[in-house]
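Fold and contact review
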Amino acid sequence: MSDFDLVIAARAARAFACAEFSKFKVGAALETADGTIITGCNIENATYGLTICAERVAMFKALSEGHREFARMAIVADTEAPTPPCGACRQILWEFGGDLEIVLANLSEERSIHRLKDLLPLPFDARLL
Ligand code: THU
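Residues numbered from 1 in each chain as written. Predicted model: local features only at pLDDT ≥ 70, side-chain atom pairs only at ≥ 80, totals over all residues. Heavy atoms only, no water.

Relative to each other, helix 2 (residues 54–64) and helix 3 (residues 87–97) sit at 25 degrees, their axes nearing to 9 Å. On the basis of the axis angle, helix 2 is roughly parallel to helix 3. Note on packing geometry: the crossing formed by helix 2 with helix 3 is left-handed. In contact with Glu-55, Arg-56, Met-59, Phe-60 and Leu-63 of helix 2, helix 3 contributes Ala-88, Cys-89, Ile-92, Leu-93, Phe-96 and Gly-97. Its residues assigned to classes, the contact of helix 2 with helix 3 comprises eight nonpolar, one polar and two charged. (Axes fitted to C-alpha atoms, helices over the stretch in contact; angles between N-to-C directions. Helix = DSSP H or I, 4+ residues; strand = E, 2+ residues; numbered from the N terminus. Parallel < 35°, antiparallel > 145°, perpendicular 65-115°, else oblique. Left-handed = near helix turned anticlockwise from the far one by under 90°. Contact = heavy atoms within 4.5 Å. Nonpolar A, V, L, I, M, F, W, Y, C, P; charged D, E, K, R; others polar.)

Let's shift gears to helix 2. Counting buried residues in helix 2 gives eight out of eleven residues, a clear majority hidden from the surface. By the burial criterion, the buried members of helix 2 are Ala-54, Glu-55, Arg-56, Val-57, Ala-58, Met-59, Ala-62 and Leu-63. In the core, the buried residues of helix 2 are packed alongside strand 1 (26–32), strand 2 (37–41), strand 3 (70–77) and helix 3. Backbone geometry just after helix 2 places Gly-66 at a positive phi near 100 degrees. (Buried < 20%, exposed > 50% of the residue type's maximum accessible area, 1.4 Å probe, protein only.)

What follows is the structure, given as structure tokens:
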């Protein structure tokens, strides 16, 4: 699957976002090592604080279905500059996905590609326990 196809999957997931409070819809598509695509969208609720980002929804869905090896994640929001994952998501993606390729995109052709280790330098993880 190309980067472009992964972005298309994230864009489709974004349509399911439950973002009644912020109106800021995000979609994510996670590619496992065997090429399976697992998507997520952000989910907000009336307490605000229980919000979960699209990236963590995708990762938790994947983990709960038994996946343990991951390659890439695409993240899509409707912003001029593509939206990067928040700090909490970087931590979870790092611990469960390692140095993923992260493809950031908006609704047009704007795209940028990063490595998670560059987005989360000097990470805390199980190696330090
Ligand atoms: N959000 C994500 O889902 N992913 C990001 O990378 C940034 C933020 C969500 C959380 C909340 O529902 C809304 O976007 C505004 O912060």
